[in-house]
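The primary structure of each chain is shown beneath.
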Amino acid sequence: NAGVTQTPKFQVLKTGQSMTLQCAQDMNHEYMSWYRQDPGMGLRLIHYSVGAGITDQGEVPNGYNVSRSTTEDFPLRLLSAAPSQTSVYFCASRQRQGRTEAFFGQGTRLTVV
Amino acid sequence: AQSVTQLDSQVPVFEEAPVELRCNYSSSVSVYLFWYVQYPNQGLQLLLKYLSGSTLVKGINGFEAEFNKSQTSFHLRKPSVHISDTAEYFCAVSEGGGSNYKLTFGKGTLLTVNP
């Protein structure tokens, strides 16, 4: 039972480069989201999706794009990486009800130099 | 809009001592409350959750939390901690009703258990 799978686990980018963080879940969850975790800031919501073809912005969306072509996958794209995007990124999924918990991937540690 | 405040950013304790990690939330509607734990270099895993019913909720690893609606709090407790409990703990809230999907997190409390 894989749950939520994120790849890669670690990545170093140069300023201006682009890349995609992958996230896949096998629990048939409608809701998927991306958070970034920075010291002292907790988890901040970047983008989320309530189903295939539907995405919306969270509290820190600038510099990131998402798409949701299938229920299983929710990739996060950095268009032009900046040092301020150095962070740990977590993908999470949950059922489409507020009373259920979210399941998290193991995270991607991204460094932009 | 919902929000979560974790009152302590760091809590150092000695092994076998009791601990309480404090969490307050704000919301204009009914809520569901969660505590997650994050061990070093790992993702978040669920410790416990309050959905409805009994206000005292028991979770994994001997942790429990009490929901207090009048004080809008959901404090996490453990009567005797172990070195292995060293981790960061996050309180989270989700609003009830309809299809509210968003989970809002506090900034976390780093629990350090010393020998």
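Residues numbered from 1 in each chain as written. Chains lettered and ligands numbered in written order. Predicted model: local features only at pLDDT ≥ 70, side-chain atom pairs only at ≥ 80, totals over all residues. Heavy atoms only, no water.

Student: What am I meant to see in the overall build of chain B here?
Tutor: Counting its secondary structure elements, chain B contains 0 helices and 12 strands. Mapped from its N terminus to its C terminus, chain B presents α and β elements in the order β-β-β-β-β-β-β-β-β-β-β-β. Here the C-alpha atoms of chain B give a radius of gyration of 14 Å, agreeing with the 13 Å that 2.2 N^0.38 yields for 115 residues. With respect to the principal axes defined by its C-alpha atoms, chain B has extents near 45 × 30 × 20 Å. In chain B, buried positions account for 47% of the 115 residues. Long-range pairs, those at least 24 residues apart, make up 57% of the contacts in chain B with a sequence separation of at least 6. Carbon and sulfur atoms form 50% of the exposed surface of chain B, whose accessible area is close to 5,400 Å². Positive and negative charge centroids in chain B, built from 8 and 9 side chains respectively, lie 9 Å apart. (Helix = DSSP H or I, 4+ residues; strand = E, 2+ residues; numbered from the N terminus. Rg over C-alpha atoms; globule rule 2.2 N^0.38 Å. Buried < 20%, exposed > 50% of the residue type's maximum accessible area, 1.4 Å probe, protein only. Contact = heavy atoms within 4.5 Å. Areas by Shrake-Rupley, 256 points an atom, 1.4 Å probe, with all protein chains shown as cover. Lys, Arg positive; Asp, Glu negative; His and termini not counted. Charge placed at Lys NZ, Arg CZ, Asp CG, Glu CD.)

Student: For this particular structure, what's the right way to read the pattern of salt bridges?
Tutor: Two side chains carrying opposite charge are able to pair once their charged atoms lie near each other. Under the counting rule described, the total for this entry stands at 8 salt bridges over all chains. Ionic contacts of the salt-bridge type, sharing partners, join the residues Arg36, Asp38 and Arg44 of chain A into one network. (Salt bridge = Lys/Arg side-chain N within 4 Å of Asp/Glu carboxyl O.)

Student: I'm lost on the state of the cysteines in this one. Help?
Tutor: Disulfides are covalent bonds that connect the sulfur atoms of two cysteines. Per the stated rule, a full pass over the model turns up 2 disulfides over all chains. One disulfide bridge connects Cys23 of chain A with Cys91 of chain A, the sulfur atoms lying 1.8 Å from each other. Residues Cys23 of chain A and Cys91 of chain A are joined by a disulfide whose S-S torsion is about -70 degrees; by sign, that bridge is left-handed. Linking Cys23 of chain A in strand β3 (residues 19-25) with Cys91 of chain A in strand β9 (residues 87-94), this pair joins segments that are 68 residues apart in sequence. Each member of the pair, Cys23 of chain A as well as Cys91 of chain A, carries the same accessibility label: buried. At a sulfur-sulfur separation of 2.0 Å, the disulfide partner of Cys23 of chain B is Cys91 of chain B. Taking the sign of the S-S torsion, -65 degrees for the link of Cys23 of chain B and Cys91 of chain B, the bridge is left-handed. (Disulfide = S-S within 2.5 Å.)

Student: What's the story with the interface of chain A and chain B in this structure? I'm lost.
Tutor: Interface size is commonly expressed as the accessible surface area that is lost when the partners come together. Contacts between the two partners involve 23 residues from chain A, matched on the other side by 23 residues from chain B. With both chains or domains summed, chain A and chain B bury close to 1,900 Å², and 54% of this area falls on carbon and sulfur atoms. The largest contributions to the chain A side of the interface with chain B come from Arg99, Glu101 and Phe104 of chain A, which together make up 27% of the buried area. The interface formed by chain A and chain B holds 1 salt bridge in total. Across the pair Lys49 of chain B and Glu101 of chain A runs a salt bridge whose closest N-O atoms are separated by 2.7 Å. Where chain A touches chain B, the interface holds 5 residue pairs in polar contact (both at pLDDT 80 or more). (Buried area = accessible area lost by both parts, 1.4 Å probe. Polar contact = N/O pair within 3.5 Å; in protein donor to acceptor, adjacent residues only side chain to side chain.)

Student: Is there a simple way to think about the nonpolar core in this case?
Tutor: Proteins that are soluble and globular tend to have nonpolar side chains buried together. Core analysis: the biggest nonpolar cluster contains 28 residues, and Leu33, Trp35, Leu47, Leu48, Phe74, Leu76 and Tyr89 of chain B have the highest contact counts within it. If near-sequence neighbours (up to four positions away) are discounted, Leu48 of chain B is found in contact with Leu33, Phe34, Trp35, Val57, Lys58, Gly59, Phe63, Glu64, Ala65, Phe74 and Leu76 of chain B. One finds Val50, Val88 and Phe90 of chain A together with Phe105 of chain B within the second-largest nonpolar core, a separate group that totals 21 residues. (Core = buried A, V, L, I, M, F, W, Y, C linked by side-chain atoms within 4.5 Å.)

Student: I'm lost on the pairing of strand β4 (residues 31-38) of chain A in this one. Help?
Tutor: Consecutive side chains of a regular strand alternate in pointing toward one face of the sheet and then the other. All names here are of chain A. Along β4, 8 of the 8 residues are buried, which leaves the element largely enclosed by surrounding structure. What you see with β4 is no split at all: Tyr31, Ser33, Tyr35 and Gln37 on one side and Met32, Trp34, Arg36 and Asp38 on the other are buried throughout. As judged from the 7 bridges shared by β4 and β9, these two strands associate in the antiparallel manner. By the bridge assignment for β9, Arg36 is matched with Tyr89. Relative to strand β5 (residues 42-51), β4 runs antiparallel, the two being bridged by 7 bridges. Looking at the pairing, Ser33 lines up with Tyr48 of β5. (Pairing = 2+ DSSP bridges.)

Student: Can you walk me through the packing of aromatic side chains in this structure?
Tutor: Aromatic ring pairs are defined here through the distance separating the ring centres and the angle between the ring planes. Residue and element names in this part refer to chain B. All told, the structure shown has 13 aromatic pairs over all chains when counted by the stated rule. Each ring, one from Tyr50 and one from Phe67, has its centre 4.3 Å from the other, and the planes form 25 degrees; the classification is stacked. Taken together, the positions of Tyr50 in strand β6 (residues 44-50) and Phe67 in strand β8 (residues 64-68) put the pair 17 residues apart, joining distant regions of the chain. Each member of the pair Tyr50 and Phe67 is classed as buried. (Phe/Tyr/Trp six-rings, centres within 6.5 Å; stacked < 30°, edge-to-face > 60°.)

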